Amino acid sequence: QVQLVESGGGLVQAGGSLKLSCVASGRTFNSYTLGWFRQTPGEERKFVASIDWSGGSTSYADSVKGRFTISSDNFKNTVFLQMNRLKPEDTAVYYCAAKWTFTRTYDYWGQGTQVTVSS
């Protein structure tokens, strides 16, 4: 059973930084893509960034390009999201997710971690 456990959320002032972590377990993740999504109350969950476990190819939402960086430590089965120059509109619950690279749908989700950016 795949498990994804996020950590690192919290309260930060606008312009500050946070680093989220997601520890993945339950299988080997070769040919998998790990992603970060975020959701605010009343809104749909939105894509933030993703990384291919094999090869390291990354993708970002336009709203975070140049400010957020996704990376992985394959030895520790951990994916990170470094968030810099945070804005109040980045406030959301951030979720880690996983899917087989060759499919569109993310099948596995973590429980989420709250990020709050104060103005």
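Details of the structure are given in the entry above.
Remember, it's a predicted structure, so these values are computed and weren't measured experimentally.

J.: An account of the state of the cysteines is needed here, citing residue identities and associated values.
T.: One pass over the structure, following the stated rule, counts one disulfide. At a sulfur-sulfur separation of 2.1 Å, the disulfide partner of Cys22 is Cys96. Residues Cys22 and Cys96 are joined through a disulfide that is left-handed, its torsion about the S-S bond being -80°. One end of the pair, Cys22, is in strand β3 (residues 18-25); the other, Cys96, is in strand β9 (residues 92-100), and 74 residues separate them in sequence. Per residue, the accessibility class of Cys22 equals that of Cys96, and both read buried.

J.: Kindly report on the environment of Val64, identifying the contributing residues and their values.
T.: With respect to the helices, strands and loops of the structure, Val64 is situated in the loop between β6 (58-60) and β7 (68-73). In this structure Val64 touches Arg38 and Val48, once residues within four positions along its chain are discounted.

J.: Quick one: what's the story with the packing of aromatic side chains, residue by residue and with numbers?
T.: If you walk through the whole model with that rule in mind, you get seven aromatic pairs. Centre to centre, the rings of Phe37 and Tyr106 are 4.9 Å apart; their planes meet at 80°, and the pair counts as edge-to-face. With Phe37 in strand β4 (residues 32-39) and Tyr106 in the loop between β9 and β10 (108-109), this residue pair connects regions lying 69 residues apart in the sequence. This pair shows no difference in class: Phe37 is buried, exactly as Tyr106 is. Taken together, Phe37, Phe47, Tyr106 and Trp109 form an aromatic cluster joined through their ring pairs. The side chain of Arg45 reaches across the aromatic face of Tyr95, ending 3.7 Å from its centre.

Cut-offs used in this document
- Residues numbered from 1 in each chain as written.
- Predicted model: local features only at pLDDT ≥ 70, side-chain atom pairs only at ≥ 80, totals over all residues.
- Heavy atoms only, no water.
- Disulfide = S-S within 2.5 Å.
- Helix = DSSP H or I, 4+ residues; strand = E, 2+ residues; numbered from the N terminus.
- Buried < 20%, exposed > 50% of the residue type's maximum accessible area, 1.4 Å probe, protein only.
- Contact = heavy atoms within 4.5 Å.
- Phe/Tyr/Trp six-rings, centres within 6.5 Å; stacked < 30°, edge-to-face > 60°.
- Lys NZ or Arg CZ within 6 Å of the ring centre and 35° of its normal.

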